Structure formats: structure tokens, C-alpha cells
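Residue-level structural notes
Here are the chains, one letter per residue:
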Amino acid sequence: MSTRNEELKTDTLVRIRNLHFRRGQRTIFDGIDLDIPRGRITAILGPSGTGKTTLLRLIGAQLAPAQGTVEVDGKDVHRLPLRELYEVRKRVGMLFQSGALLTDLTLFENVAFPLREHTRLPESMLRSLVLMKLEMVGLRGARDLYPRELSGGMARRAALARAIALDPMMIMYDEPFSGQDPISMGVLVRLIKSLNDALGITSVLVSHDVAETCSIADYIYVLSGSKIVGHGTPQALLAAETPTVRQFMGGLPDGPVPFHFPGRGYLEDLLEDLPR
Amino acid sequence: MTNVLAALGRRSLVSLERLGRGSLFLLRVLASVPGLLRRPGLVVRQVWSTGVLSLLIIVISGAFVGLVLGLQGYNTLVTFGAEESLGLVVAKSLLRELGPVVAALLFAGRAGTALTAEIGFMKATEQLSAMEMMAVDPLRRIVAPRFLAAIIAMPLLAAIFTAVGVLGGWFCGVGLLGVDDGSFWSQMQAKVLLVEDVVNGVVIKGFVFGVVISWIAVFEGYDAVPTSEGVSAATTRTVVHSSLAVLGLDFVLTGLMFN
């Protein structure tokens, strides 16, 4: 048993090598290497605007990198034909920050959507499956509501039920905690943890909420200035000495990540409009 | 001067690039149309929302256009003592021009904008993106059914518009102005030709306008900048571009068909 655990530990589901990505003139990623082990919760932490969501879209192959490779389950997703890419995506769930529920369908139909698209289950079995998924996120009673009738936290849980509808091998969470009240934040933390433990789903989580992330993640990468500036277990990172990591984990306003958006000098800007 | 030229050049390049993107998009949509044979329900639902829900505006406008046509036609014809030909005038002008063109303009305003706004909103709220991540191609699931449904609905609406218009002309001419009922219909029967008038006008023009409007509408929605301003600008462009395209194409088609 212990050898099997050892195996699981070293088994990599997503392997990112030398990833470069540019948006216009701006470099978002400048050579990133990252491994996501199977069956664990891996978090990617970083300040807003460092391209955390972009990274998830690169893993899902919705965006193409300028250079470098992303392998999911041994397949280079950016070189797969569309059909095979879709086969990979069927096994990867993604939780969008906005939830991205289909607004003209009820919760039940939202969760049923991927099942209806990809399987030909009899209606009774489909119903049981959908109810099971909704039960897991505590929204079975809300199945006839429309997304507009839900609070933000409920919408995110509903989207989570949809993301696990096809029993994926991996779920990517895009900022699952941002904009949540303390209760729904706690609910989400527990849900992510229990999905990971009970179903063995590999979890990738991008976030800037340090405390919540540290409470559930097995391993954390810290992203800043288009590079990985640190990685390790939550305990190791909280004790880290690297200035950027320390600034971020400690929530310090100024440090290697500057408080000011880059621009020309303050004085120069102020003096420009003065009459000569 | 050179600045003006440069700006002009830049604008044409941008338009040309968009046209290219739109054409590639059209090819991709056309490629996913055959797959809809397996899921006709998706198309039927869209025919309902683009076609059936447009019926009211089409029928009412058709009636008024027919009434006006009857009135104006009568006033002109009666000076030559030829008011018996009113049926023929009303039917020919509706079948060849007014039916398909006015129906298309109304369709662009009623259904085209709805398509653009719906798809644009789905893009802005990441619904299309979420579908992609669920391994569902939004082109197949969302765009293609709407595109096909609009093409099916447009000629039918043009035909309904024309039929109601003829009835409007009849009501005005025969019912209100005293044109002879028998001559109204018999002249129409004798002189309106199936291929020349009906097929050329309502069927072919209706189909071509349907293709153009639904292409513009779904492309503008899919290509919209994913913000509220972006979607509203895209909706405006749908109306402007498809109206201009309909009127311009109508001239070309008329030139090809009736010279």
C-alpha cells in the first residue's frame, strides 16, 4: 500500500515545460515549469493580473502558447487534433469565476447539459445522476431555479456540480473564493477538499486568497512577474525567505511587487500640465 | 493628406481582415450544419424563436404595405382607366420586390438583433467558453442551429408577408375603392408567373437575404467584444450591415433576374 502511495505521489497529471505566453506586447509567462500531481490539490497563488486564469486556459488549450508544452495525462494538448482535445476536455472540469451557468436553463438542466451532450443515458438514470451531483453541493432542492435566482455562492456551487457531472479526472478552479461571504467560502473550501478526498479528483486551484488556499492545498506555486517565484508545501512557503514570496504570503503592500503601476516619474507627470 | 490616406488604408485593412474572419467563420459554421441532421430539435426550437415569434410584426407590416400599395396603385391606375389591373400591380410588386425586401429588413431588426445580442451575451458571460471546456463546440451547439433556422425562416416569412400584402391590397382596392373583384384576381392569375415572379422573388431573394442576415447576425454576436458596449455595438452593426446588404443585393439580384 505504501509503495502505491509513493507511486501516486510521483505520478504527474499535468506537466508544463518552458511555457511562454504573450498578449500583445505584454509578456504574461516567461518560461514556466510546473507539475501537477495526480489526486492532489495543487494551488497556484499570485497577485491579480499575473495571468493565473490565463494559465488555466492554456492547460485547457483555449489559448495557445508562444512556446513550450503543456501535457495533460501524457498528451500535448496544443498539438492534439480537435477531436482528441475534446476527449481530454471531457475528463477535465473547469469552475469559472463567474460560474458561467447557461442562463436560459434551470439548475437541473445546467448540470444535465454535459450528460445530454456526451452520453445517451435514459432519462431516469440521467435524473438520478444529476440529483446526486446537486446533492453533493447541497442544491438538490434548488434544481428548478434559474441561475439569475441564485446568490453568487450558490451559482458557484451549481457550476461545480456541472463541472463534476462527467466524473472528471481533474477540476480546475478559477478563483473559487473571491467575492464569497465567509460562510460560502467555508462551504467551498470543504467541498473542494471533500471532492478531492472522496473522488480522488486532481484539483488545480488558482487564487489570491492565501489563508483559504493554504488550508487545503497540498502543494503551492507562487506566480509573480511572469515567472514562478517559489513553490513548496504551504508550511514551507509561509516560512520562506524569498522577498516576493514573503510579500505575497504576508500581504505586504509594497516590496518586490511594486505598489505603483509602472509609469513615468510622479513629479514629471504633475508638472506637465502647468502653464509655462 | 498622407494622414488621411493612411487612416483610409488602415480602415480598409481592418474591414478586409474582418471580412476574411467572417468568411472563415461562415465556412466553419457551414461545416457543422450537417451534424444538425442528428439533432433536428435544436433547429426546430430556433425556427420557433426566430421565425414564429417574428410572425406578428411580419403580418401586420404586410397588411399595411398591401393597403398602401392598393391605395397608391388605384390612384395611379384610375387615371388611365386601368384600375382592373390593380391585383396584378399589387401582386407583382410584392412578389418581386417589396415582399422579400421589407420582410428581410424587418427580420434583420426583429430576429437578427436578437441572435447577435444572445450570442454576444453568452460570450460576454463566458457561457461559450464554458461550453468549450465541457467539450461542446459552441459553433455546433449554439451558432449552427440559429444560422440554419434563420435561413429556413426568412423565405417563409417573405412568403407570408407577400400573401398578407396581397390580401391588404385586395381589401383596399376591392373592399374600399370598388375595383371589380373578378378582374382583380383574374388579371393576377393570368399574368403572375410561377418562376419569373414567385421563385425569383420570394423564394430566391428570400433565401439569399436569409443567408446574409443570419451570417451577419451570428458572426457579429460571436465576434463581439465581450462587454456591454461591445454587445450593443455588435447589435447595431447587425442592423446596419444587414439592411445595407439586403438593399444592395436586391439591386444586384433584380439586375440578374429581370433585365
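Conventions used here
- Residues numbered from 1 in each chain as written.
- Chains lettered and ligands numbered in written order.
- Predicted model: local features only at pLDDT ≥ 70, side-chain atom pairs only at ≥ 80, totals over all residues.
- Heavy atoms only, no water.
- Helix = DSSP H or I, 4+ residues; strand = E, 2+ residues; numbered from the N terminus.
- Buried < 20%, exposed > 50% of the residue type's maximum accessible area, 1.4 Å probe, protein only.
- Contact = heavy atoms within 4.5 Å.
- Areas by Shrake-Rupley, 256 points an atom, 1.4 Å probe, with all protein chains shown as cover.
- Buried area = accessible area lost by both parts, 1.4 Å probe.
- Salt bridge = Lys/Arg side-chain N within 4 Å of Asp/Glu carboxyl O.
- Polar contact = N/O pair within 3.5 Å; in protein donor to acceptor, adjacent residues only side chain to side chain.
- Pairing = 2+ DSSP bridges.
- Axes fitted to C-alpha atoms, helices over the stretch in contact; angles between N-to-C directions.
- Expected span 1.5 Å × (residues − 1).
- Patch = residues over 30% accessible without salt bridge, like charges linked within 9 Å, V, L, I, M, F, W, Y side chains within 5 Å.
- Phe/Tyr/Trp six-rings, centres within 6.5 Å; stacked < 30°, edge-to-face > 60°.

Let us look at the overall build of chain B. Per the secondary structure count, chain B includes nine helices and zero strands. Order of helices (α) and strands (β) in chain B, N terminus to C terminus: α-α-α-α-α-α-α-α-α. C-alpha extents for chain B along the principal axes are approximately 65 × 55 × 30 Å. Within chain B, the proportion of its 259 residues that are buried is 47%. Summarising the internal contacts of chain B: among those between residues at least 6 apart in sequence, 83% fall at separations of at least 24. In the form shown here, chain B has an accessible surface area of approximately 12,300 Å², with 72% of it arising from carbon and sulfur atoms.

What follows is about the interface of chain A and chain B. In this assembly, 20 residues from chain A lie in contact with 16 residues from chain B. Here chain A meets chain B over a buried area of about 1,800 Å², counting both sides, of which 55% is carbon and sulfur. Three residues, Tyr86, Phe113 and Glu117 of chain A, lead the burial of chain A against chain B; their summed loss comes to 27% of the area buried on that side. The tally of links from chain A across to chain B stands at three salt bridges. Of the charged contacts in the structure, one is a salt bridge between Glu126 of chain B and Arg57 of chain A, with a shortest N-O distance of 2.8 Å. Where chain A touches chain B, the interface holds 11 residue pairs in polar contact (both at pLDDT 80 or more). Sorting the residues of the side of chain A that touches chain B by element identifies helix H3 (82-90), strand S6 (92-95) and helix H4 (107-118) of chain A as the ones contributing at least two each. Residue contributions to the side of chain A that touches chain B peak at four residues, all from H4 of chain A.

On to the sheet that holds S6 of chain A, then. Pairing between the strands of a sheet is mediated by backbone hydrogen bonds and can be parallel or antiparallel. Residues and elements named next belong to chain A. Spatially, the six strands line up as an open sheet ordered S6-S7-S8-S3-S9-S10, and their pairing is mixed. Only two strands of the sheet have a single partner each, and these edge strands are S6 and strand S10 (227-232). Sheet twist, expressed as the average angle between the axes of neighbouring strands with direction ignored, equals 15°. The pairing of strand S3 (residues 41-45) with strand S9 (residues 219-224) spans four bridges and is parallel. Each residue of the ladder has a partner; that of Leu45, found in S9, is Val222. Running at roughly 70° to S10, helix H10 (residues 243-250) makes contact with S3, S9 and S10 of the sheet.

Let us now look at the environment of Gly73 of chain B. Along the chain, Gly73 of chain B turns up in helix H3 (residues 55-78). Along the sequence, Gly73 of chain B and Ser85 of chain B sit 12 residues apart, while their C-alpha atoms lie 9.1 Å from each other.

All names here are of chain A. Taking 1.5 Å per residue as the helical rise, helix H5 (residues 123-136) with its 14 residues ought to reach 20 Å, and the 20 Å between its terminal C-alpha atoms agrees with that figure. Looking only at H5, the buried set comprises Leu126, Leu129, Val130, Leu131, Lys133 and Leu134. Here the buried face of H5 lies against H4 and helix H6 (152-163). Looking one or two places after H5, you find Gly138, whose phi comes out positive at around 75°.

The subject of this paragraph is unusual backbone geometry. At Ser226 of chain A, a position not held by glycine, the phi torsion is positive, near 60°. Since its relative accessible area comes to 15%, Ser226 of chain A is described here as buried. Even without a glycine there, the phi angle at Ala135 of chain B is positive, about 65°. With respect to the helices and strands, Ala135 of chain B occurs in the loop between helix H5 (127-133) and helix H6 (138-176). For Ala135 of chain B, a relative accessible area of 6% corresponds to the buried category.

With that out of the way, let us pick up a nonpolar patch on the surface. All names here are of chain B. Taken together, Trp48, Val52, Leu53, Leu55, Val59 and Ile160 make up a surface patch of nonpolar side chains, about 460 Å² in accessible area. By secondary structure assignment, the location of Leu55 is in helix H3. The class of Leu55 is partly exposed, set by a relative accessible area of 31%.

The geometry of an aromatic ring pair is captured by two quantities: the separation of the ring centres and the angle between the planes. Residues and elements named next belong to chain B. The final tally for this structure, using the stated rule, is five aromatic pairs over all chains. Ring centres of Phe25 and Phe219 lie 5.4 Å apart, and the angle between their planes is 55°; this geometry places the pair in the tilted category. On the criterion of sequence distance, the pair formed by Phe25 in helix H1 (residues 2-32) and Phe219 in helix H8 (residues 194-222) is long-range, its members being 194 residues apart. Classification of Phe219 as buried rests on a relative accessible area of 8%. Between the aromatic rings of Trp170 and Trp185, the centroid separation amounts to 6.5 Å while the plane-to-plane angle is 35°, which identifies the pairing as tilted. Taken together, the residues Trp170 in helix H6 and Trp185 in helix H7 (residues 181-191) connect sequence positions 15 residues apart. With a relative accessible area of 29%, Trp170 lands in the partly exposed category.

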